[in-house]
Amino acid sequence: MDTGFKIIQSREVFSFSLDAVLLSRFANIPKYGRIADLCTGNGVIPILLSARTKAQIDAIEIQPRLADMAKRSVLMNGLEGQIQVIEQDLRTYPKLVENGAYDAITVNPPYMSVKAGEQNENEHYAIARHEIHCTLDQLAQSCKNLLRPGGKLAMVHRPTRLLDIVETLRRWKLEPKRIQFVHSNAKSEANMVLIEATRDGKPDIKLLPPIMVYNDEGVQIV
């Protein structure tokens with residue numbers, strides 16, 4: 001990534017990939033204020049966001065092992081004054097903070113419903129990939145409660161669930177504002193979608209130019 005940051009990872013648990021990096025670039029975040037990163041995993045998104053903002057960032061993670069890795073990565077990068085890792089369930093976390101506590105939220109959630117596909121025998125991978133601890137509806141409800149009016153949510157997800165995502169966000173007063181698809185190359189279907197929504201926003205959506213990860217020669221360009 002050529003950022004100078006160091007991230008603690010393990011092959012035994014779910015590691016970050018390109019979707020987290022693209023989300024950290026896509027997110028519309030304030031220069032100051034307060035940001036939450038839900039489903040933070042090993043904390044890569046808050047760490048990357050710290051290069052773009054002076055805001056305080058709360059990183060929420062339900063899995064103890066991943067939360068511990070995130071805390072150690074924050075310390076290793078000297079960011080403990082800006083990033084706080086909180087081991088909590090995002091479904092109940094809104095009860096611990098005031099309503100509308102955050103100016104912006106980022107989230108790289110589990111992509112698959114519990115019924116979709118076989119779950120990995122590795123508990124860490126299963127939780128990261130399937131909606132075991134948090135459905136899309138529960139995620140949207142928490143984001144609505146955590147965001148201030150006008151606050152922005154940035155999410156990365158699967159294009160196959162786009163209609164579900166838009167419907168769910170709007171049900172919880174989170175109006176989609178920007179959508180950007182990610183393709184492996186110009187000839188491939190989209191395999192990721194980046195979405196920005198505004199709490200209590202008015203209907204007005206922009207479809208941004210697609211991102212191509214590789215050029216025609218197969219060289220990674222993002």
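In this text the structure is predicted, and so the values were computed from the model without any measurement.

Analysis parameters
- Residues numbered from 1 in each chain as written.
- Predicted model: local features only at pLDDT ≥ 70, side-chain atom pairs only at ≥ 80, totals over all residues.
- Heavy atoms only, no water.
- Phe/Tyr/Trp six-rings, centres within 6.5 Å; stacked < 30°, edge-to-face > 60°.
- Lys NZ or Arg CZ within 6 Å of the ring centre and 35° of its normal.
- Buried < 20%, exposed > 50% of the residue type's maximum accessible area, 1.4 Å probe, protein only.
- Helix = DSSP H or I, 4+ residues; strand = E, 2+ residues; numbered from the N terminus.
- Contact = heavy atoms within 4.5 Å.
- Core = buried A, V, L, I, M, F, W, Y, C linked by side-chain atoms within 4.5 Å.
- Salt bridge = Lys/Arg side-chain N within 4 Å of Asp/Glu carboxyl O.
- Pairing = 2+ DSSP bridges.
- Right-handed = clockwise from strand over helix to strand, strands pointing away.

(A) Representation of the packing of aromatic side chains in the model. Tallying each qualifying case throughout the model produces zero aromatic pairs. Positioned above the aromatic ring of Phe-26 is the side chain of Arg-178, whose terminal nitrogen or guanidinium carbon lies 4.2 Å from the ring centre.

(B) Quick peek at helix H1 (residues 18-26). Burial analysis of H1 places seven of its nine residues in the buried class, which makes it a mostly covered element. Listed in full, the buried residues belonging to H1 are Asp-19, Ala-20, Val-21, Leu-22, Leu-23, Ser-24 and Phe-26. Against helix H2 (44-49), strand S4 (102-107), strand S5 (147-157), strand S6 (174-183), strand S7 (190-199) and strand S9 (211-212) lie the buried residues of H1.

(C) Representation of the nonpolar core within the structure. With 31 residues, the main nonpolar core has Ile-35, Ile-83, Val-182 and Leu-194 as its most contacted residues. Counting residues in each nonpolar core, the second largest holds 28 residues, with Ala-140, Leu-153, Val-193 and Ala-197 among its members.

(D) Here's a closer look at the pattern of salt bridges. Under the counting rule described, the total for this entry stands at nine salt bridges. A salt bridge links Asp-58 to Arg-34, with the nearest nitrogen and oxygen atoms 3.0 Å apart. You can see Asp-58 sitting in strand S2 (residues 56-61) and its partner Arg-34 sitting in strand S1 (residues 34-38), a full 24 residues away along the chain. Judged by its relative accessible area of 5%, Asp-58 is buried. Note that Asp-89 and Arg-91 form a salt bridge whose closest N and O atoms lie 2.6 Å from each other. Residue Asp-89 is classed as buried on the basis of its relative accessible area of 17%. Taking relative accessible area as the criterion, Arg-91 reaches 32% and is therefore assigned partly exposed.

(E) Spatial organisation of the pairing of S2. Where burial is concerned, most of S2 is hidden: five out of the six residues are buried. As paired strands, S1 and S2 are joined by five bridges and run parallel to one another. Across the sheet, Ile-35 pairs through a bridge with Ile-57, a residue of S2. With H2 bridging S1 and its parallel neighbour S2, the resulting β-α-β unit is right-handed.

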